[in-house]
Amino acid sequence: MIRALWTAATGMEAQQINQDVIANNLANINTIGFKKSRADFQDLMYQIYSKTGAETSEGNQLPIGMEIGMGVKPMATQKLFTQGDYQQTENDFDWAIEGEGFFQIDMGDRTAYTRAGSFRIDKNGYLCNTEGLKLIPEVTVPEETVHFTLDKGGTWTAADELGNTLASGRVEMAKFINPAGLTSIGRNLYDATEGSGDAVTGYPGEDGLGTISQHFLEMSNVNVVDEMVKMIVGQRAYEINSKAIQTADNMLQMINNLKR
Amino acid sequence: MSMIYGLASMAKESIKQIHQLDASTHNVANINTPGFKAERVFFPEGTTGGSASETAIVRNPSFRIDYSPGLVQQTGNHLDVALRGEGFFAVETKNGNAYTRNGSFTVTPDGELITQSGDYVLGASGRIIITGRDVHIDERGTVRVDGDSVGTLRIVEFENPDMLSNLGNGLLGDPGNSAGLADKEDPEVHSGCIELSNVQAIQAMVDMIKIHRSFETYQKVMQTLQEQEKLSTTRIGKV
């Protein structure tokens, strides 16, 4: 059988995965703090027909051998942590990170990380994300609070009507040496992995961590035009792989028609 | 006898086209593989005529890797690097050193810089270990963690890159140490970018059409030869 059939099939499969990743990016175009992904591919092993430098039957050395590859395999999906756009809101608990870093979210048994700084107060006064998971370190907002302010360095102050401070504290953020190695666990959250390295925590604006802007939200970093272009490229790549299958199929058919 | 030889040589030509298609399809399958370099199979001319040796036709198939640069795409990841101009990143695999154009790197739990398939990225003095907060790879390929250099990516070039062979996983090897390895002088590295595949869809499409049509021609010749043979066995017999 012609190997090209199977080789092209790996190509089509890779493009399908590519389209799945693009579709997920596009679906999250309005998701706060969402970071787009990219599918990574690598070429499969090669079949060696003749080795470079091998000896021929006449005793000459082959200057260049021949090896033909077997296609492609999906290798990894990587998150791309480029900055998303900002959107201004009126909410005191909408915080956007300018620069690197993640908010830390208490998952009970472990810490998850997020760029989505859309928080609210639960019934006990704790600041939590839209899912009700607490921010680390805990921020407790007293009931009588009227003014809540947060500066770029992450220092927050809750004050009453007259401006008397009721509570204050400082938000901490986490940073990874290789954020692309984080895994998404859905709901805008990421888990640390071996590839990302351990989280290093610190205060906003210090040690390379970004600053926080109150009354802003970081939008998704998905760019529609980019994704559309990638989708077109992916579709055409899928198509050309299917053409390769057709070509191989046609050639096989011709071979079969040789004998009448 | 000569007709049978005609058939056999046409069959060999057809097989060549199948090899060509296999290679072309491999390129097409890797149209989105970062750092991938297209390969071309070719068959040296001049061995078909004269000698009646049938094996002469497909005796010396060769391939050549097309090292032309691919487009560069921005990713924004600190550990993605693209190499400008000729050259390769050196990596350490289980089976010795290998070379790649795919600069999409990551780290192990111990902070060692690796490729996506887990091979160690080599610096000028061995593996590169990254532990700290902030990593940045500058234009010269120097890896800086929190501002301090922890090593420089080893970037090499070859006098005769045609001697390299593909190992898969985006890697090239120099099994015979015959390609003329040398450290590249003044390399230029762009971080936050990756090099895309250099496969050209148009080229691939044209190749496929060419292969298809050549194959068709050989098949037609084979059919004609068969018909002639049939004629000569039936008609000549009648006379």
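Structure: see above.
Residues numbered from 1 in each chain as written. Chains lettered and ligands numbered in written order. Predicted model: local features only at pLDDT ≥ 70, side-chain atom pairs only at ≥ 80, totals over all residues. Heavy atoms only, no water.

Assigned secondary structure in chain B consists of two helices and 19 strands. By residue count, 49% of the 239 residues in chain B fall in the buried class. Once local pairs closer than 6 in sequence are excluded, the contacts in chain B between residues at least 24 apart make up 64%. In the structure as shown, chain B presents an accessible area of about 11,300 Å², 51% of it carried by carbon and sulfur atoms. (Helix = DSSP H or I, 4+ residues; strand = E, 2+ residues; numbered from the N terminus. Buried < 20%, exposed > 50% of the residue type's maximum accessible area, 1.4 Å probe, protein only. Contact = heavy atoms within 4.5 Å. Areas by Shrake-Rupley, 256 points an atom, 1.4 Å probe, with all protein chains shown as cover.)

Turning our attention to the packing of helix H1 (residues 4-27) of chain A against helix H2 (residues 224-258) of chain A. Residues and elements named next belong to chain A. Look at H1 against H2: their axes get within 9 Å of each other, and the N-to-C directions meet at 160°. In terms of orientation, H1 lies roughly antiparallel with respect to H2. H1 and H2 meet at a crossing whose hand is left-handed. Across the contact of H1 with H2, the residue classes break down as 15 nonpolar, 10 polar and three charged. (Axes fitted to C-alpha atoms, helices over the stretch in contact; angles between N-to-C directions. Parallel < 35°, antiparallel > 145°, perpendicular 65-115°, else oblique. Left-handed = near helix turned anticlockwise from the far one by under 90°. Nonpolar A, V, L, I, M, F, W, Y, C, P; charged D, E, K, R; others polar.)

Now for the nonpolar core. Counting residues in hydrophobic clusters, the biggest one holds 23 residues, and the most contacted among them are Ile-2, Ile-240, Ala-248 and Met-251 of chain A together with Leu-21 and Met-208 of chain B. Only H1 and H2 of chain A together with helix H1 (2-29) and helix H2 (201-238) of chain B provide two or more residues apiece to this core. At seven residues, the largest contribution of residues to this core is made by H2 of chain A. Those residues in contact with Ala-248 of chain A that sit more than four places away from it in its chain are Ile-2, Ala-4 and Leu-5 of chain A together with Leu-21 of chain B. (Core = buried A, V, L, I, M, F, W, Y, C linked by side-chain atoms within 4.5 Å.)

Residues and elements named next belong to chain A. If you trace the three strands from one edge of the open sheet to the other, you get S12-S13-S14, paired in antiparallel fashion. The open sheet is flanked by strand S12 (147-150) and strand S14 (165-170), the only strands paired with a single partner. The average angle at which neighbouring strand axes cross in this sheet is 10°, direction not considered. (Pairing = 2+ DSSP bridges.)

With that out of the way, let us pick up the pattern of salt bridges. As enumerated under the stated definition, the model contains 29 salt bridges over all chains in all. For the salt bridge of Glu-138 of chain A with Lys-134 of chain A, the shortest nitrogen-to-oxygen distance reads 3.5 Å. Close ionic contact of Arg-127 of chain B with Glu-112 of chain B constitutes a salt bridge, the shortest N to O distance being 3.3 Å. Linking Arg-127 of chain B in strand S10 (residues 126-127) with Glu-112 of chain B in the loop between strand S7 (105-107) and strand S8 (113-115), this pair joins segments that are 15 residues apart in sequence. Taken together, the shared-partner salt bridges in this structure form one network comprising Lys-35, Arg-115 and Glu-218 of chain A. (Salt bridge = Lys/Arg side-chain N within 4 Å of Asp/Glu carboxyl O.)

What follows deals with the layout of surface pockets. Taken as a whole, the second largest pocket holds about 690 Å³ of empty space. Surrounding the second largest pocket, 36 residues form its lining, Thr-93, Asn-95, Asn-97, Leu-167 and Gly-173 of chain B being those nearest its centre. Listed by contribution, the elements that provide at least two residues to the lining of the second largest pocket are strand S2 (46-50) and strand S3 (66-69) of chain A together with strand S5 (88-93), strand S6 (96-100), strand S15 (165-168) and strand S16 (171-173) of chain B. Here the element with the most residues in the lining of the second largest pocket is S15 of chain B; it accounts for four residues. (1 Å grid on protein atoms, 1.4 Å probe; cavity = no way out; pocket = protein on both sides within 12 Å on 5 of 7 lines; lining within 4 Å. Points joined across faces, edges and corners; volume = space filled by probe spheres on them.)

What follows deals with the interface of chain A and chain B. Each partner contributes to the interface: chain A provides 69 residues, whereas chain B provides 68 residues. Taken together, both faces of the contact between chain A and chain B bury some 5,600 Å²; the carbon and sulfur share is 59%. Applying the counting rule to chain A against chain B returns two salt bridges. One salt bridge in this structure joins Arg-38 of chain A and Asp-80 of chain B, with 3.3 Å as the shortest N-O distance. Put simply, chain A and chain B have 19 residue pairs in polar contact (both at pLDDT 80 or more) between them. At the level of elements, H1, strand S1 (37-43), S2, S3, strand S4 (72-79), strand S18 (200-202) and H2 of chain A are the ones that each hand at least two residues to the side of chain A that touches chain B. With 15 residues, the top contributor of residues to the side of chain A that touches chain B is H2 of chain A. A class-by-class count of the residues in the side of chain A that touches chain B yields 32 nonpolar, 22 polar and 15 charged. (Buried area = accessible area lost by both parts, 1.4 Å probe. Polar contact = N/O pair within 3.5 Å; in protein donor to acceptor, adjacent residues only side chain to side chain.)

Glancing now at the sheet that holds strand S13 (residues 148-152) of chain B. Residues and elements named next belong to chain B. The antiparallel open sheet is built from three strands, whose spatial order is S11-S12-S13. The open sheet has two edge strands with one neighbour each: strand S11 (135-137) and S13. Neighbour to neighbour, the strand axes of the sheet diverge by 25° on average, direction disregarded. Sheet analysis places strand S12 (residues 142-145) next to S13, joined by four bridges and oriented antiparallel. For Thr-142, the partnering residue across the bridge sits in S13 and is Thr-152.

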